[in-house]
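Chain and residue survey
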Amino acid sequence: MLEIKLINQTRRVQKYDTQSRITPRQREVLVTAANLGYNGFSRIHAKEVLEISPNTVNNHITGTHERLGVCDTFSAVYRTLYNQILSLDEVCEQEKYCLITNICDKLTSSEKKVLTELSISALEIRHVGYLAIALSLSTSINAIKQHIHRIYKKTGVSNQAQLAVLAYIHTQTNHRQT
């Protein structure tokens, strides 16, 4: 357990250029997923906004995961924000940004730690796993699931893409304060 904590404390993440690794349409689907997050993103909503079928939306999301080397939408959105492929302006209007920043202040310290660990995991490994986060925070998987559930409930986040935006804003805000 101590070894895992030491590894977590020495994590270093390299930025890499993935701009050419996602297509313009995949980029559009990610932006749409993040923007529709608070309204309840679904493939049906994306179909209406992007004027493509839900299956095509799914294919673009799957293709984005493959190109970025990730297994989930959280990691895809977080990595594209971190690597400046997507900007916060694209995925979050200024009013929403201020709202998210205020909401982050209302999270408990445990919920904030979970957001931070989600962010680190999104950059390090192919899949954000609750087990890795639970080990890192020396707690149970069920506790992590409950923290994430409460984060969704408190913030109004309804999908992984919007959770990634929330985690990114939280991480950036904390980084600036330290």
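Note that the structure is a prediction, hence the values are computed from the model and not measured.

Regarding the side chain of Asp72
Following the sequence through the fold, Asp72 ends up in the loop between helix H4 (54-68) and helix H5 (73-82). One buried charged side chain, Asp72, makes no salt bridge at all; its nearest oppositely charged neighbour is Arg79, positioned 7.9 Å away. In terms of polar contacts, Asp72 uses its side chain to reach the backbone amide nitrogen of Ser75, at 2.6 Å.

Some details on unusual backbone geometry
Even without a glycine there, the phi angle at Gln84 is positive, about 60°. Looking at the secondary structure, you find Gln84 in the loop between H5 and helix H6 (88-91). By relative accessible area, which is 59% here, Gln84 ends up exposed. Phi is positive for Ser138, close to 55°, though the residue is something other than glycine. For Ser138, the position within the fold is in the loop between helix H9 (130-136) and helix H10 (141-155).

Examining the pattern of salt bridges
This model, assessed by the stated rule, comprises 3 salt bridges. Arg25 is the salt-bridge partner of Glu28, the closest N and O atoms lying 2.6 Å from each other. Here Glu28 pairs with Arg25, and both are found in helix H2 (residues 24-35), just 3 residues apart, close to one helical turn. Classification of Glu28 as partly exposed rests on a relative accessible area of 34%.

Some details on the confidence of the model for the protein
For the protein, the mean per-residue pLDDT works out to 75, and 74% of the residues sit at or above 70. In the model of the protein, helix H1 (residues 2-9) stands out as the element of lowest mean pLDDT, 38, in contrast to H10, which has the highest, 91. In this model residues 1-19 is a low-confidence stretch, pLDDT under 50, and it forms 27 contacts with partners more than four residues away in sequence or in other chains.

Comments concerning the environment of Ser136
Mapping Ser136 onto the fold places it in helix H9. Sequence separation of Ser136 and Glu117 is 19 residues, and the distance between their C-alpha atoms is 7.9 Å.

Digging into the packing of aromatic side chains
Going through the model one piece at a time under the given rule, you end up with 2 aromatic pairs. When the ring of Tyr78 is compared with that of Tyr168, the centres are 5.6 Å apart and the planes differ by 70°; the resulting orientation is edge-to-face. Of the two residues, Tyr78 sits in helix H5 while Tyr168 sits in helix H11 (residues 160-177), which places them 90 residues apart along the sequence. Given a relative accessible area of 1%, Tyr78 falls into the buried group. When its relative accessible area of 11% is taken as the criterion, Tyr168 is described as buried. Three or more aromatic residues joined by ring pairs form one cluster here, namely Phe74, Tyr78 and Tyr168.

Here we look at H5
Across the 10 residues that make up H5, a large majority, 10, are buried. Listed in full, the buried residues belonging to H5 are Thr73, Phe74, Ser75, Ala76, Val77, Tyr78, Arg79, Thr80, Leu81 and Tyr82. N-capping of H5 is provided by Asp72, with a side-chain oxygen placed 3.4 Å from the backbone N of Phe74.

Overview of the packing of H4 against H5
Where H4 meets H5, the axes come as close as 10 Å, and the angle between the chain directions of the two elements is 60°. With respect to their mutual orientation, H4 and H5 come out oblique. Regarding H4 and H5, the two cross each other, and that crossing is left-handed. Residues Ile61, Thr64, His65 and Leu68 of H4 touch H5, and the partners they reach there are Thr73, Ala76, Arg79 and Thr80. Residues of the contact of H4 with H5, tallied by class, amount to 3 nonpolar, 4 polar and 1 charged.

Conventions we followed
Residues numbered from 1 in each chain as written. Predicted model: local features only at pLDDT ≥ 70, side-chain atom pairs only at ≥ 80, totals over all residues. Heavy atoms only, no water. Helix = DSSP H or I, 4+ residues; strand = E, 2+ residues; numbered from the N terminus. Buried < 20%, exposed > 50% of the residue type's maximum accessible area, 1.4 Å probe, protein only. Lys, Arg positive; Asp, Glu negative; His and termini not counted. Salt bridge = Lys/Arg side-chain N within 4 Å of Asp/Glu carboxyl O. Polar contact = N/O pair within 3.5 Å; in protein donor to acceptor, adjacent residues only side chain to side chain. pLDDT = per-residue confidence, 0-100. Contact = heavy atoms within 4.5 Å. Phe/Tyr/Trp six-rings, centres within 6.5 Å; stacked < 30°, edge-to-face > 60°. Axes fitted to C-alpha atoms, helices over the stretch in contact; angles between N-to-C directions. Parallel < 35°, antiparallel > 145°, perpendicular 65-115°, else oblique. Left-handed = near helix turned anticlockwise from the far one by under 90°. Nonpolar A, V, L, I, M, F, W, Y, C, P; charged D, E, K, R; others polar.

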